[in-house]
Amino acid sequence: MIGLLIVDDHPVVRDGLRGMFAGDDRFEVLGEAGNGREALAVALSMSPDVVLMDLRMPEMDGVTTIKELRAQGSTARVLVLTTYDTDRDVLPAIKAGATGYLLKDTPREELFRAVTAAHRGESVLSPAVAGRLMGSLRSPVKEPLSAREIEVLTLIARGNSNREAAALLFISEATVKTHLLHAYAKLGVRDRAAAVAAAFEQGLMSRD
């Protein structure tokens, strides 16, 4: 039997999942938790095979809980089960160590298969989540410009040379060049003029 821990801050959801899995002799619900802190304590004491993990919970969210489980040596597979499929939910959960990511509208039999697959260490993703991950790989999110990089570009846009910008910011000219190179890489451009244009286009600098 696969030992389960159900983690969700809504009692009605926990009741529904417990009833669903209790009716199948392949699974045993070892415990429940209403937030991340409870989940961590129960997981470390009960040693479940698979944790069904909600993401947005009080006390400690799902992503933090996944990280803590890994940090404290838990070998449980974590299968995220949530209503959210945005990039800011999916990517951090996968990076934290979740074995799979499903949405709460997943049919019963698919959920059973997913738990079984997660127990074997196989990655399980709902179609919507898989699509988001593929999109992220095709178009990786660019790192935002730092405040200092924006300051340097703003001074350059106003006609200052590297040396003048360095004097105004009380940094070395070499440091200004480094900030510019980082800004070029983040904006996907090759020179000062293109960087300034891209920064204006993206609303990173005011034209005032």
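In this report, we go over the structure that sits alongside the text. Numbering of residues starts from 1 in each chain and follows the order in which that chain's sequence is written. Whole-chain, interface and lining totals are the exception, using all residues; otherwise, since this is a predicted model, local features are given only for residues with pLDDT of at least 70 and side-chain atom pairs are given and counted only at 80 or more. Values shown for side chains rest on all heavy atoms present in the structure; no hydrogens or waters enter the calculation.

Our focus in this paragraph is the pattern of salt bridges. Pairs can form between side chains of opposite charge once their charged atoms are near each other. Every case where a carboxyl oxygen of Asp or Glu lies within 4 Å of a side-chain nitrogen of Lys or Arg is listed as a salt bridge. In total, this model carries 12 salt bridges according to the counting rule given. Between Arg 37 and Glu 59 there is a salt bridge, and its shortest N-O distance comes to 3.7 Å. Of the two residues, Arg 37 sits in helix 2 (residues 36-46) while Glu 59 sits in the loop between strand 3 (50-53) and helix 3 (62-71), which places them 22 residues apart along the sequence. Glu 59 sits in the exposed class, given a relative accessible area of 57%. Several salt bridges share partner residues, and in doing so they unite Arg 14, Asp 15, Arg 18 and Glu 32 into one network. Elements are defined by DSSP. Helices are runs of H or I of four residues or more, strands are runs of E of two residues or more, and each kind is numbered from the N terminus. We call a residue buried when its accessible area falls under 20% of the maximum for its residue type, exposed when it is over 50%, and partly exposed in between, using a 1.4 Å probe and counting protein chains only.

Right, let's get into the pairing of strand 3. The alternating pattern of strand 3 places Val 50 and Leu 52 and Val 51 and Met 53 on opposite faces, both of which are buried. Relative to strand 3, strand 1 (residues 2-7) runs parallel, the two sharing 4 bridges. For Leu 5, the partnering residue across the bridge sits in strand 3 and is Val 51. For two strands to count as paired, DSSP must find a minimum of two bridges between them. Where strand 3 meets strand 4 (residues 77-82), 4 bridges bridge the pair, whose relative direction is parallel. Across the sheet, residue Leu 52 finds its bridge partner in strand 4, namely Leu 79. In this view, the connection linking strand 3 to its parallel neighbour strand 4 by way of helix 3 has right-handed handedness. Clockwise travel from the first strand over the helix to the second, with the strands pointing away from the viewer, marks a crossover as right-handed.

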